[in-house]
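Structural characterization, general
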Amino acid sequence: MINIDKHTAMANAIRFLSIDAIQKANSGHPGLPMGAADVATVLFSKFMKFDPKTPDWSDRDRFVLSAGHGSMLLYSLLYLLGYEDIDLNQIKKFRKLGSKTAGHPEYGHAAGIETTTGPLGQGIANAVGMAIAERKLSEEFGSDVVDHRTYCLVGDGCLMEGISQESITLAGHLKLNKLIVLWDDNQISIDGPVSISDSTDQIARFDSCNWKTISIDGHDPDEIASALEEAGTSDKPVLIACRTVIGFGSPNKSGTAAAHGAPLGDEEVALTRKALGWDEKPFVVPSEVLDDWRIIGLRSSQKRKEWEKRFCTMDAEIKGEFQRRMRGDLPSALEPAIAEFKRSIAEQQPKKATRQSSQMALEVINEIVPETLGGSADLTGSNNTKTSQTEAITPEDFSGRYLHWGIREHAMAAAMNGIALHGGLIPYSGGFLIFSDYCRTSIRLAALMGIRSIHVLTHDSIGLGEDGPTHQPVEHLASLRAIPNLLVMRPADTMETAECWQLALESQFAPTAIALSRQALPAVRTQYDEENRCAYGAYELSPASDNAKVSLFASGSEIEIALDTQKLLEEQGFPARVISVPCFELFEAQSNKYQTNIIGSATLNIAIEAGIRQGWDRFISNDGIFIGMNSFGGSAPAEQLYKHFGITAEATFKAALKKLS
């Protein structure tokens, strides 16, 4: 039996730190921290395995606050437990510029924040990814090294979002029994009672998806503890439905939408203090209550020390490999392997679709880099993401290195974030570029967090042909390039594809999208170069015969068109150069001098890409010529479509002559 007085005081410490911080900021969501405080108190005091003094301990339990608007619940916990990054000053600076206590939890701001949440449903998908990573690494390194749980607190909104359905069906299929989801079942959303917009039987829903479900009173600490104990013995993922009262303790706002997304107000705060018997001034936690919390913060240090003793007895080579992978370092053998691969490309000069070139690169990479974890959204044969080293993961066997994500692009991208955040694995996945729209929120969050996930996005233009405009990306390259800290790469041949893969793997603090062609492309880089030329973002692929009158900028499949245009211009006495532009973002990282030299001083600049113009004026300015798309595509063979939309060497040549005359 839990000591109810002690528990209540500890839970109220969460409530009033949250209330006071939100009141001081005059902004925030008090309802969830007030309602979920009992659940959080039992979870962290009785079940969670963590160490505030060593917050990055690899075998800690993960806690994901999917309902990120309730961020003060997490910040209050981190302060009370003794995490150094969140002191009382940070609590008082909630939602202030430069504070670690942002409006929604942001990964990297403070230890103990496992992921960035706020867009509802993202957290539960992240948690699925973390649980996948835990089971995969436990299979590989053993339960003495990797044996922890992933807890995720979700709200009604998280479960309404479509991404939650993708996530829970996948978790149930994979039997991720170390994933425990706590549903803050308060029956309230911003607009009012959940019943005005939803009538889903969530218990039946999770049951049908192969989850174990438990329903409890979320304000009864003994029921909470009993449910968590039971969840720990399940052979399935577990949903604990915690019936709570939003804004618990507020005399006039509890149980209503008024407690959801706005401060309680000074008068209601005073009434809530009186109702809950909390006599302390704002931001004051009684010393005996704070001591109780800090003791809990020290409890897991013994478990960490026991883990470290076991870890120290491991084989030195295995131990070193685990440490390397958790640091995120790449194997030293990768660089020479890529160099040898590039030599073979220069000799063979293959004419391949870049999706096939990507698979060739992955054959080399997956042999050297054991932490890559591949997959596809039911498009394995089209994306070419599976190699000879990557057997499929199944519910019974996690020794493989390939995930069949099914038609779940959104959950796939978000779970990849969870895998990357967990550490020890480098996730990459396959999908069509057109369906990056389904992944966009998750890709954006990966960029915001600065984590390494790699998206293989094939069928990257009208060049995919007969599937037509529903499948032909037009605005997608520009749309992805608009996301800060996302590397968008579009290689032109096998050599560039190999270099782009190397850069993606080396990009530890930014995700990568690699756009690849369906159609075969000729080798345009025919000489071996030890240097990774794609690392410059843009480089001169083919110089002019004399001082250039025309500079031709292009990416991917349109490099071939640029080279053919160059020949036509040179034949007419117009010296022209071709600049390959595989990655805008890497080009912007170069020195001003390098950028100026690459853009050059030609009379006319032309950009060629089978997408929209947006972004290319950086290279060609407003008065340059853009050869590309300004409409949706069509259903026909690729050759006909390129001619129909005027994306040919002949059309580019004519446009140049008209401008030069």
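Preceding this section is the structure that the text describes.
Worth saying up front: this structure is predicted, and the values here are computed from it rather than measured.

What counts, and at which threshold
Residues numbered from 1 in each chain as written. Predicted model: local features only at pLDDT ≥ 70, side-chain atom pairs only at ≥ 80, totals over all residues. Heavy atoms only, no water. Helix = DSSP H or I, 4+ residues; strand = E, 2+ residues; numbered from the N terminus. Rg over C-alpha atoms; globule rule 2.2 N^0.38 Å. Buried < 20%, exposed > 50% of the residue type's maximum accessible area, 1.4 Å probe, protein only. Expected span 1.5 Å × (residues − 1). Arc of directions from axis to C-beta. Contact = heavy atoms within 4.5 Å. Phe/Tyr/Trp six-rings, centres within 6.5 Å; stacked < 30°, edge-to-face > 60°. Lys NZ or Arg CZ within 6 Å of the ring centre and 35° of its normal. Pairing = 2+ DSSP bridges. Axes fitted to C-alpha atoms, helices over the stretch in contact; angles between N-to-C directions. Parallel < 35°, antiparallel > 145°, perpendicular 65-115°, else oblique. Left-handed = near helix turned anticlockwise from the far one by under 90°. Nonpolar A, V, L, I, M, F, W, Y, C, P; charged D, E, K, R; others polar. Core = buried A, V, L, I, M, F, W, Y, C linked by side-chain atoms within 4.5 Å. Polar contact = N/O pair within 3.5 Å; in protein donor to acceptor, adjacent residues only side chain to side chain.

**Details of the overall build of the protein**
- Secondary structure summary: the protein contains 26 helices and 20 strands in total.
- The globule rule puts the C-alpha radius of gyration for 661 residues at 26 Å, and the 28 Å found for the protein is close to it.
- Each of the three principal axes of the protein carries a C-alpha extent, and together these read 90 × 55 × 45 Å.
- For the protein, the residues scored as buried account for 60% of the 661 residues in total.

**Remarks on helix H26 (residues 649-660)**
- Between its terminal C-alpha atoms H26 stretches 16 Å, which fits the 16 Å expected from twelve residues at 1.5 Å a residue.
- Turning to H26, its buried residues are Ala649, Thr652, Phe653 and Ala656. One side of H26 holds all its buried residues, which, seen down the axis, span an arc of 100 degrees. Exposed and oriented more than 90 degrees from the buried face of H26 are Lys654 and Lys658.
- Here the buried face of H26 lies against strand E17 (550-554), helix H21 (559-571), strand E19 (604-608) and strand E20 (625-627).

**Focus: the packing of aromatic side chains**
- The tally for this structure, following the rule as stated, stands at 19 aromatic pairs.
- On the numbers, 5.0 Å between centres and 20 degrees between planes, the contact of Tyr536 with Tyr594 is stacked. Residue Tyr536 is found in the loop between strand E15 (520-521) and strand E16 (539-542), and its partner Tyr594 is found in helix H23 (residues 592-599); the two are separated by 58 residues along the sequence.
- By relative accessible area, which is 25% here, Tyr536 ends up partly exposed.
- Here Trp616 and Phe619 contribute two aromatic rings whose centre-to-centre distance is 5.5 Å and whose plane-to-plane angle is 50 degrees, an arrangement assigned as tilted. The residues Trp616 and Phe619 share a single accessibility class, namely buried.
- A network of ring pairs unites the aromatic residues Trp57, Phe141, Trp307, Phe311 and Phe322 as a single cluster.
- Directly above the ring of Tyr79 sits Arg294, whose terminal nitrogen or CZ lies 5.2 Å from the centroid.

**As for the pairing of strand E18 (residues 576-580)**
- Of all the five residues making up E18, five are buried; the element is thus mostly covered by neighbouring parts of the structure.
- Here E18 shows no split at all, with Ala576, Val578 and Ser580 on one side and Arg577 and Ile579 on the other all buried.
- In the sheet, E16 pairs with E18 via three bridges, with the strands oriented antiparallel. What sits directly across from Glu540, in E18, is Ile579.

**Quick word on the packing of helix H14 (residues 334-348) against helix H15 (residues 354-368)**
- Relative orientation of the contacting elements H14 and H15 amounts to 155 degrees, with a least axis distance of 10 Å. Of the possible angle classes, the one that applies to H14 and H15 is roughly antiparallel. Relative to H15, H14 is oriented so that their crossing is right-handed. Counted together, Leu334, Ala337, Ile338 and Phe341 of H14 and Met360, Ala361, Val364, Ile365 and Ile368 of H15 form the full contact between these two elements.
- Here the contact of H14 with H15 is built from residues that sort into nine nonpolar, no polar and no charged.

**Focus on the nonpolar core**
- Ile132, Leu228, Ile240 and Trp293 are the most contacted members of the largest nonpolar core, which has 116 residues in total.
- With near-sequence residues (within four places) excluded, Trp293 lies in contact with Met10, Ala13, Ile14, Thr41, Phe44, Leu77, Leu80 and Leu81.
- Counting residues in hydrophobic clusters, the runner-up holds 37 residues, among them Leu503, Val524, Tyr642 and Ile647.

**A short note on the sheet that holds strand E9 (residues 372-376)**
- Strand order in the open sheet formed by six strands is E10-E9-E11-E12-E14-E13, with parallel pairing between adjacent strands. Two strands close off the open sheet at either side, each with one partner strand: strand E10 (402-404) and strand E13 (487-489). For this sheet, the mean angle separating the axes of adjacent strands, direction not counted, is 20 degrees.
- With four bridges joining them, strand E12 (residues 454-458) and strand E14 (residues 512-515) adopt parallel strand pairing. If you follow Ile454 over to E14, its bridge partner there is Thr512.

**Topic: the sheet that holds E16**
- Within the open sheet, the five strands sit side by side as E16-E18-E17-E19-E20. Their pairing is mixed. Looking along the sheet, the strands with just one partner apiece sit at the ends: E16 and E20. Adjacent strand axes in the sheet meet at a mean angle of 30 degrees, parallel and antiparallel pairs treated alike.
- The strands that H26 touches are E17, E19 and E20; relative to E19, the one it contacts most, it runs at about 160 degrees.

**Some words on the packing of helix H5 (residues 122-141) against helix H13 (residues 316-327)**
- Running from N to C, H5 and H13 cross one another at 160 degrees; their axes reach a closest spacing of 12 Å. Taken together, the axis directions place H5 and H13 in an arrangement best described as roughly antiparallel. By crossing handedness, the relation of H5 to H13 is classed as right-handed. Taken together, the residues of H13 that come into contact with H5 (itself represented by Leu137, Glu140 and Phe141) are Ile318, Glu321, Phe322 and Arg325.
- Per-class residue counts for the contact of H5 with H13 are four nonpolar, no polar and three charged.

**Looking at H13**
- Taking 1.5 Å of rise per residue, the twelve residues of H13 would be expected to cover 16 Å, and the 16 Å separating its terminal C-alpha atoms lies within 8% of that figure.
- Residues Phe322, Arg324 and Arg325 constitute the buried set of H13. Viewed end-on, H13 has its buried residues packed into an arc of 165 degrees, placing them on one side of the element.
- Each element contacted by the buried residues of H13 is listed here: H5 and helix H12 (301-312).
- With a side-chain oxygen lying 3.0 Å from the backbone nitrogen of Glu317, the N-terminal cap of H13 falls on Asp315.
- Where H13 ends, the next residue or the one after it, Gly328, has phi of about 90 degrees, a positive value.

**A short note on the side chain of Thr494**
- Tracing the chain through its elements places Thr494 in helix H20 (residues 494-506).
- Take Thr494: its relative accessible area is 2%, and that puts it in the buried class.
- A polar atom in the side chain of Thr494 sits 2.7 Å from the side chain of Ser357.
- Apart from residues lying up to four places away in sequence, Thr494 is in contact with Phe341, Ile345, Pro350, Lys352, Ser357 and Met360.

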